[in-house]
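Spelled out, the chains give:
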Amino acid sequence: MPERIEKETGESPRWSVIWLHGLGADGNDFAPLVPELVRPQWPAMRFVFPHAPVQPVTINGGMRMRSWYDIVSFDLTGRADAKGVDESVARVDALIAQEIERGVPASRIVLAGFSQGGAVTLAAGLRRTEPLAGLVALSTYLPLGVDALARLDETPVAARSQPVFVAHGRQDPVVPYAAGEDAARRLRALGFAVDFHAYPMQHQVCLEEIDALRGWFDRILATDSENR
């Protein structure tokens, strides 16, 4: 089980959000976002911010850093080490299973991620046979090679019911804006309900984006009859 940071907004959380950081960061990166994102009237939530393992990253000269998978190329269709992606999806699945054991069903778990963490979020979400409450993919891309992209239609039917929030900066120099657009387009073609947002920013998160994400969470939480 990955090392992690946890923040709870109240006692006996009924919802969980698992949030994956980007390359070279750690779970502390997005933990400060919780008070900015959460509305006082929302049900108690547990935010889980896991740390990726430390490993060599090929495009950074083999330097060791926290990474969900090795990045072997700048070419998006060959950028992600498939074995590493699979291993991180397994880590995510273990975190989801733990939240379910703690009393939060999959239908009340949101999986979120930024950049490399967002790529793992999408990879994990596409494989779900028990759908989550939703997926959040920020400044990211689908970490799939050409062959895998050709097999997207094999995505489980249950997975396609998961709503997805996708946001990207138009001036992103790390993950091209076109990659975010392409991910949203491919997900929509599969039947996912995608809420796509673009902002005049680089590889980062902005206040307008958080406002939009808060509104998306409002809609997700409204689907829970116990919140009404």
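Residues numbered from 1 in each chain as written. Predicted model: local features only at pLDDT ≥ 70, side-chain atom pairs only at ≥ 80, totals over all residues. Heavy atoms only, no water.

Caption draft 1: The packing of helix α2 (residues 82–101) against helix α3 (residues 116–126), seen in detail. Following both chains from N to C, one finds α2 and α3 inclined at 75 degrees, their axes separated by 9 Å at the closest point. Accordingly, the angle class assigned to the pair α2 and α3 is roughly perpendicular. Counting all contacts with α2, which are made through Val85, Ser88, Val89 and Val92, the residues of α3 involved are Val120, Ala123 and Ala124. Its residues assigned to classes, the contact of α2 with α3 shows six nonpolar, one polar and no charged. (Axes fitted to C-alpha atoms, helices over the stretch in contact; angles between N-to-C directions. Helix = DSSP H or I, 4+ residues; strand = E, 2+ residues; numbered from the N terminus. Parallel < 35°, antiparallel > 145°, perpendicular 65-115°, else oblique. Contact = heavy atoms within 4.5 Å. Nonpolar A, V, L, I, M, F, W, Y, C, P; charged D, E, K, R; others polar.)

Caption draft 2: Summary view of the sheet that holds strand β8 (residues 164–169). With mixed pairing, seven strands are arranged side by side in an open sheet as β1-β3-β2-β6-β7-β8-β9. Only two strands of the sheet have a single partner each, and these edge strands are β1 (4–8) and β9 (194–199). Looking at each pair of strands side by side, their axes are set apart by 15 degrees on average, direction ignored. The pairing of β1 with strand β3 (residues 45–50) spans five bridges and is classified as antiparallel. Each bridged residue has a counterpart across the sheet, and for arginine 4 the counterpart in β3 is proline 50. (Pairing = 2+ DSSP bridges.)

On their own, these measurements won't tell you what the molecule is for.
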